Structures are given as structure tokens and as C-alpha cells.
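As a plain string of letters, each chain reads:
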Amino acid sequence: SEYIRKIAFTTTTSGVPVAIDLSETFENELVIQTGSFLCARKGTRLEKFLDTGISMNFVKEKFFKLDKLNGNDIIFLRSEGAFIEKELENDAIRVNLFSLLAFETSLDLDTNKLQLVQSMNYEDETMFVTLVGTGKYWLQTSNLQHLIYRITPFIFESMDSSSANNSSGNEKSSESNLSDFNFGE
């Protein structure tokens, strides 16, 4: 048409929109982390792919799930940080489960070889899965649920110590203590 048409959209949380052309992926399909899909052109199909049963957040009992997209056009995903596109050629790689944004269906996700790695600095474990085969995959630098999981104990610890200060004669209210935190609002 003679009119320039534009559309604008944003993510509901901090992050970066990622454009991927499904016509350039293996069999025009892509497996994505559930919740990362933003939008696509009419005719793109989104269906459930896998429910791993692996907990992503101990508070809300949200589990790591995967969806599959199929179509011939550009789709937009939400990366919860910076993202990078990589490619495997008849190889295997272990990736942090929470950093995996998307991968082509030509790659096999081996959740049977789930590897838990304990950090010396944190009490929680990082989960690694294996991608095997030939194809592209996309990683994100940060995952909001994983970040919440890691910082929640420190927030409650800080609030508990503030409560202890209040009971020892410090008249500062818990409301003003909560205002010390920036929740991104």
C-alpha cells in the first residue's frame, strides 16, 4: 500500500524484543521458553511442546515449560536480558536451563542428562541441559524468575533485620524500609 504502516510493542518486564524469521529456521519451527512469545503475523501457530516439571521459582511453583512455534514469517520473543544467537554443527553443548530462550527443532534437548551445579557463592543450584545436533539456539543473559529466586532470601533477610531494629527502639516504620527497595515501578 502507499501508506507506511508501523506497529510498536514492548515487553511487560524489562528485557529486549528478539526478532527471528521462522522461514530461515529448520522446518519453519522453533522451540521457545513458555512466556517469551510476544507476537507474530497471523497464521503462526503456537502449541505446547514440553513440560519439564523443573521448578523455576520456589515461591510460585512455576515450572520450566517449552512451546513450539510454526510459521513462515518473523516472530518476536522477549529476552529477559541481552541475547545471543549461536549455532551447533553435529555437536553437543550444555547450557544453563534458565538462559535458554529458543532453539531449532533440529536440535534435541536432552533433559535426561540434567546436571545440577552448586556454586560456592550461592546456596542454589544451576541446572544445565544438553542440546545435541545441528541447528541454531538463542541464549539470554538473565532470567527474571531465576533472578527473583536468587535475591528473595536477601530481601527477606534485610526486612527481618529492619524489624529487629524497630523492636529495639528504632522508630522507623516498615513502610519506609520497603521504600528503600526499587521494585522497578
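Looking only at helices and strands, the chain features 2 helices and 10 strands. In the chain, the succession of helices and strands from N to C terminus is β-β-β-β-β-β-β-β-β-β-α-α. Within the chain, the fraction of its 185 residues that count as buried is 33%. In the chain, 75% of the contacts between residues at least 6 apart in sequence involve partners at least 24 apart. By element, 50% of the accessible surface of the chain is carried by carbon and sulfur atoms, the whole surface being about 12,000 Å².

Our focus in this paragraph is the nonpolar core. Residues Val95, Leu100, Phe103, Leu109, Leu131 and Tyr137 are the most contacted members of the largest nonpolar core, which totals 16 residues. At 5 residues, strand E10 (residues 125-140) tops the list of elements feeding residues into this core. Once residues lying within four places of it in the same chain are set aside, the contact partners of Leu100 are Gln33, Val95, Leu109, Leu131, Trp138, Leu139 and Gln140. Grouped together as the second largest cluster of nonpolar side chains are 11 residues, Ile20, Ile32, Ile75 and Trp138 included.

Let us now look at the confidence of the model for the chain. On average, residues of the chain score 75 in pLDDT, and 63% of them reach the 70 mark or higher. Counting contacts from residues 56-61, a segment whose pLDDT is below 50, to residues more than four positions away or on other chains yields 12 contacts. Below a pLDDT of 50 lies the segment residues 170-185, which in the model reaches 12 contacts outside its immediate sequence neighbourhood of four places, other chains included.

On to the sheet that holds strand E3 (residues 37-40), then. The 3 strands are arranged E1-E6-E3 in an open sheet whose pairing can be described as antiparallel. Since the sheet does not close on itself, it has two edges, and those belong to strand E1 (16-21) and E3, each with one partner. Strand-to-strand twist across the sheet, computed as the mean angle between neighbouring axes with direction ignored, equals 25°. With 6 bridges joining them, E1 and strand E6 (residues 74-79) adopt antiparallel strand pairing. Within E6, the residue paired with Ala19 across the bridge is Phe76.

Basis of the calculations
- By convention here, each chain's residues receive numbers from 1 onward along its written sequence.
- Per-residue local features of the predicted model are confined to residues with pLDDT of at least 70, and side-chain atom pairs are confined, for both listing and counting, to 80 or more; whole-chain, interface and lining totals are unaffected and use all residues.
- In computing side-chain properties, one takes all heavy atoms of the structure into account and sets aside hydrogens as well as water.
- Strands are runs of DSSP state E lasting at least 2 residues, helices are runs of H or I lasting at least 4, and numbering of each runs from the N terminus.
- Relative accessible area decides the class of each residue, using a 1.4 Å probe on protein chains only: under 20% of the type maximum gives buried, over 50% gives exposed, and in between gives partly exposed.
- Any two residues whose heavy atoms approach within 4.5 Å are treated as being in contact.
- Working definition of accessibility: Shrake-Rupley area with a 1.4 Å probe, residue cover restricted to the visible protein chains.
- Side-chain atoms within 4.5 Å are what join buried Ala, Val, Leu, Ile, Met, Phe, Trp, Tyr and Cys residues into a set we call a nonpolar core.
- Confidence of the prediction at every residue is given by pLDDT, a number between 0 and 100.
- Note: two strands are recorded as paired if DSSP finds a minimum of 2 bridges between them.
- Note on geometry: axes are C-alpha line fits, over the in-contact stretch for helices, and angles between N-to-C directions span 0 to 180 degrees.

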